[in-house]
Amino acid sequence: MKALLLVGGFGTRLRPMTLTVPKPLVHFGNKPILCHQIEALAGAGVTEIILAANVMPEAMTVACAEYE
């Protein structure tokens, strides 16, 4: 099964945390929010996840490679 995560928001309500880090990579409970979402999707049987990133896509690429 495939999933699409819309992770392209600017995170203006989370400022100043999102000035240097994209919103999905802000830590919540010692893990980035994106990791919580990916773990929940994997638990539901999702095998392929597509991230629709708009803000700081290079940081998202590095983080995804790191957590892969």
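Refer to the structure presented above.
Presented here is an overview of the structure given in this document. The structure presented is a predicted model; accordingly, all values stated were derived computationally and were not measured. Residue positions are given per chain, counted from 1 along the sequence in the order it is written. Predicted model: local features are reported for residues with pLDDT of at least 70 only, side-chain atom pairs are reported and counted for 80 or more only, and whole-chain, interface and lining totals are derived from all residues. Side-chain measures here rest on the full set of heavy atoms in the structure, leaving out hydrogens and waters.

## Description of the nonpolar core
Next, step 1: Only buried residues count toward a nonpolar core, which is a set of Ala, Val, Leu, Ile, Met, Phe, Trp, Tyr and Cys residues joined through side-chain atoms within 4.5 Å. Relative accessibility thresholds used throughout: buried, under 20% of the residue-type maximum; exposed, over 50%; partly exposed, between the two (1.4 Å probe, protein chains only). Counting residues in hydrophobic clusters, the biggest one holds six residues: Leu5, Val7, Leu25, Leu34, Met60 and Ala63.
Next, step 2: Setting aside residues no more than four positions away along its own chain, Leu34 makes contact with Leu5, Val7, Pro24, Leu25, Leu51, Met60 and Cys64. Residue contacts are counted whenever heavy atoms from the two residues lie within 4.5 Å of one another.

## Observations regarding the state of the cysteines
Next, step 1: Working definition: a disulfide is two cysteine sulfur atoms within 2.5 Å of each other. Under the counting rule described, the total for this entry stands at zero disulfides.
Next, step 2: In this structure Cys35 is a free cysteine whose sulfur lies 8.3 Å from that of Cys64, the closest cysteine sulfur available.
Next, step 3: Look at Cys64 and you get partly exposed, because its relative accessible area is 27%.

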